[in-house]
Amino acid sequence: MSDSTFIPVNEPLLDGKERQYLLECIDSGWISSEGPFVVQFEQEFAKKVGRKHGIAVSSGSAAIDVAVESLELKPGDEVIMPSFTIISCITQIIRSGLIPVLVDSDPNTWNMDATQIESKITSRTKAIMIVHIYGLPVDIDPVLDVAKSYDLKIIEDAAEMHGQTYRGKPCGSFGDISTFSFYPNKHITTGEGGMIVTDDNGLEEKCRSLRNLCFEQKKRFVHDRLGWNYRMTNMQAALGLAQMERLNEFIIRKREMGKLYEELLTKVENIQLPLNKTDYAENIYWVFGIVLNDKTKINAQTAMYSLGKKGIGTRPFFYPMHKQPILKKMGLFKGENYSIAENISQNGFYIPSGLAITKEQIICVANAVREVLQ
Ligand SMILES: Cc1ncc(COP(=O)(O)O)c(C=O)c1O
């Protein structure tokens, strides 16, 4: 158990029907992926995002693996994606022999800069991976225009975007295939878990097969293709259903958190706070990030260390793909430079932003941030 005065970077809220639905799993004996909550969760989640199909999996990373594989791109095909994201976005691209092609971030939203995509297109480009970062969506319309002009597939990683919209339309409804994560720091959680959503019947069928070891219907243990056991259990889906019932309330809570942090921190000099809105979306504050500039008296690492000493949990921002040691070792991204991604990665971190955070805790965190940075 953690020290009761420590404010963790995230704490989920599990005080709805989670316990009741979990007990139903135990009482009925349905604890595997065969249980009825899985299909129910898939259907309700897909409906919420406005998609035909939902395929529940064991994590957001698993969802991306399956989504990328389901597109059946060929080795050497190129996929355009942001440098500033989590490693989960690139792993299956690399394992499938595809070539990741990076774009830099927008310094204001921290999302991939949609205006850079077209210049990265070659005759081998086959897909664009959109990744919505930290609470605001990517500016999607320009990406869709480019994808349409060049006949490219869209993979949309909406891991952090439950309940978010772009110009009024749900995030997760824009990709040929879109994915979500339900890790406990997400707006809704299943402990570990993920979801793939799509309107394409063929992709749905492939994803269902890939997440289930590509078992054949007729000859179960005879395989034509390699998949994964990425199934979600009935217990995870039980949690997910209970959480979904409260998604709208959770979004309101997160926006209130963001608003309060902004009010309390807006006068702190030499730091950048998240934009509370753009012309296409209002921030849902998956996390409340802070980026220091070069006039700040300490660097991000020292700030995180000092906040930790004051009992405040923090996390650094993502580390850009072009700087990842494992990817450099593979000879990728030689000589490439994405200065915005590097800057926000080096100078950014986020402060406690979970759903269970209280107003008093937010005030306490903001006071500590002020003390440390001023
Ligand atoms: C943008 C993004 N994509 C993918 C993932 C991976 O999700 P998971 O942790 O469920 O594997 C995360 C996790 O935080 C994420 O933020």
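Structural data are supplied above this passage.
Residues numbered from 1 in each chain as written. Predicted model: local features only at pLDDT ≥ 70, side-chain atom pairs only at ≥ 80, totals over all residues. Heavy atoms only, no water.

J.: Provide a residue-level description of the environment of Val268, including the pertinent values.
T.: Position of Val268 relative to the elements: it lies in the loop between α8 (247-265) and β10 (271-272). A relative accessible area of 4% places Val268 in the buried class. When near neighbours in sequence (up to four residues on either side) are disregarded, Val268 contacts Arg370, Leu373 and Gln374. (Helix = DSSP H or I, 4+ residues; strand = E, 2+ residues; numbered from the N terminus. Buried < 20%, exposed > 50% of the residue type's maximum accessible area, 1.4 Å probe, protein only. Contact = heavy atoms within 4.5 Å.)

J.: Can you break down the site of the ligand residue by residue, with the values?
T.: By nearness alone, 14 residues border the ligand, and Ser61, Asp157, Glu160, Ser181 and Lys186 come closest of all. Asp157 is positioned such that a nitrogen or oxygen atom in its side chain is 2.5 Å from a nitrogen atom of the ligand. Between Ser181 and the ligand, the recorded distance is 2.7 Å, taken from a side-chain N or O atom to an oxygen atom. Contact with the protein chains removes 91% of the 390 Å² of surface that the ligand exposes when unbound. In terms of residues, the shell around the ligand owes the most to one element, helix α3 (residues 60-70), which gives three residues. (Near = heavy atom within 4 Å. Polar contact = N/O pair within 3.5 Å; in protein donor to acceptor, adjacent residues only side chain to side chain. Areas by Shrake-Rupley, 256 points an atom, 1.4 Å probe, with all protein chains shown as cover.)

J.: So, the sheet that holds strand β4 (residues 125-131): which residues are in play, and what are the values?
T.: Here seven strands make up an open sheet; going across it, the order is β1-β9-β8-β5-β4-β2-β3 and the pairing mixed. Only two strands of the sheet have a single neighbouring strand rather than two, namely β1 (53-57) and β3 (99-103). The mean inter-strand angle of the sheet, taken between neighbouring strand axes irrespective of direction, is 20°. Both strand β8 (residues 177-181) and strand β9 (residues 194-198) contribute to a ladder of four bridges, which runs antiparallel. Along β9, the bridge assignment pairs Ser181 with Gly194. Helix α6 (residues 201-211) rests against β1, β8 and β9 of the sheet, and its axis sits at about 15° to β1. (Pairing = 2+ DSSP bridges. Axes fitted to C-alpha atoms, helices over the stretch in contact; angles between N-to-C directions.)

J.: So what's going on with the pairing of β3? Residues and values would help.
T.: Within β3, four of the five residues are buried, which leaves the element mostly enclosed by the surrounding structure. Bridge count between strand β2 (residues 78-82) and β3: five bridges; the pairing is parallel. What sits directly across from Met81, in β3, is Leu102. Between β2 and its parallel partner β3, the chain crosses via helix α4 (residues 88-95), and the hand of that crossover is right-handed. (Right-handed = clockwise from strand over helix to strand, strands pointing away.)

J.: Describe in detail the side chain of Lys254, supporting the description with residues and values.
T.: With respect to the helices, strands and loops of the structure, Lys254 is situated in helix α8. For the buried Lys254, no salt bridge exists, and the shortest N-O distance to an oppositely charged side chain is 9.9 Å, to Glu160. With residues up to four places along the chain from it excluded, the contact list for Lys254 reads His187, Ile284, Tyr285, Trp286, Ser353, Gly354 and Leu355. (Lys, Arg positive; Asp, Glu negative; His and termini not counted. Salt bridge = Lys/Arg side-chain N within 4 Å of Asp/Glu carboxyl O.)

J.: Would you mind going over unusual backbone geometry in detail, with residue names and values included?
T.: In this structure, Cys214 takes a positive phi of about 55° despite not being glycine. Along the chain, Cys214 turns up in the loop between α6 and α7 (234-244). Residue class for Cys214 comes out buried when judged on its relative accessible area of 3%. Its identity is not glycine, yet Phe333 carries a phi of approximately 60°, on the positive side. Mapped onto the elements of the fold, Phe333 is located in the loop between α10 (325-329) and α11 (339-347).

J.: Give a description of the packing of aromatic side chains that names residues and reports values.
T.: Under the criterion given, the structure shown has 21 aromatic pairs. Summarising the aromatic geometry, the rings of Phe84 and Tyr134 are spaced 5.9 Å apart at their centres and angled 90° between planes, so their arrangement reads as edge-to-face. Taken as a pair, Phe84 in the loop between β2 and α4 and Tyr134 in the loop between β4 and α5 (140-150) lie far apart in primary sequence, 50 residues in all. With relative accessibility at 1%, the residue Phe84 sits in the buried group. Of the aromatic side chains, those joined through ring pairs into one cluster are Phe84, Trp110, Tyr134, Trp286, Phe317, Phe318 and Tyr350. Its guanidinium or amino end placed over the ring of Phe174, Lys169 lies 4.6 Å from that ring's centre, counting from NZ or CZ. Taking the ring centre of Phe215 as reference, the NZ or CZ of Arg220 above it sits at 3.8 Å. (Phe/Tyr/Trp six-rings, centres within 6.5 Å; stacked < 30°, edge-to-face > 60°. Lys NZ or Arg CZ within 6 Å of the ring centre and 35° of its normal.)

J.: Describe in detail the pattern of salt bridges, supporting the description with residues and values.
T.: All told, the structure shown has 17 salt bridges when counted by the stated rule. Of the charged contacts, one joins Arg51 and Asp199 as a salt bridge, the two residues approaching to 3.2 Å between their closest N and O atoms. Remark: Asp199 occurs in the loop between β9 and α6 and Arg51 occurs in the loop between α2 (36-49) and β1; sequence separation between them is 148 residues. Among the salt bridges present, the one from Glu204 reaches Arg208, with a minimum N-O distance of 2.8 Å. Here Glu204 pairs with Arg208, and both are found in helix α6, just four residues apart, close to one helical turn. Residue classification places Glu204 among the buried positions, given a relative accessible area of 16%. It is possible to trace a salt-bridge network through shared partners that takes in Glu42, Glu204, Arg208 and Arg211.

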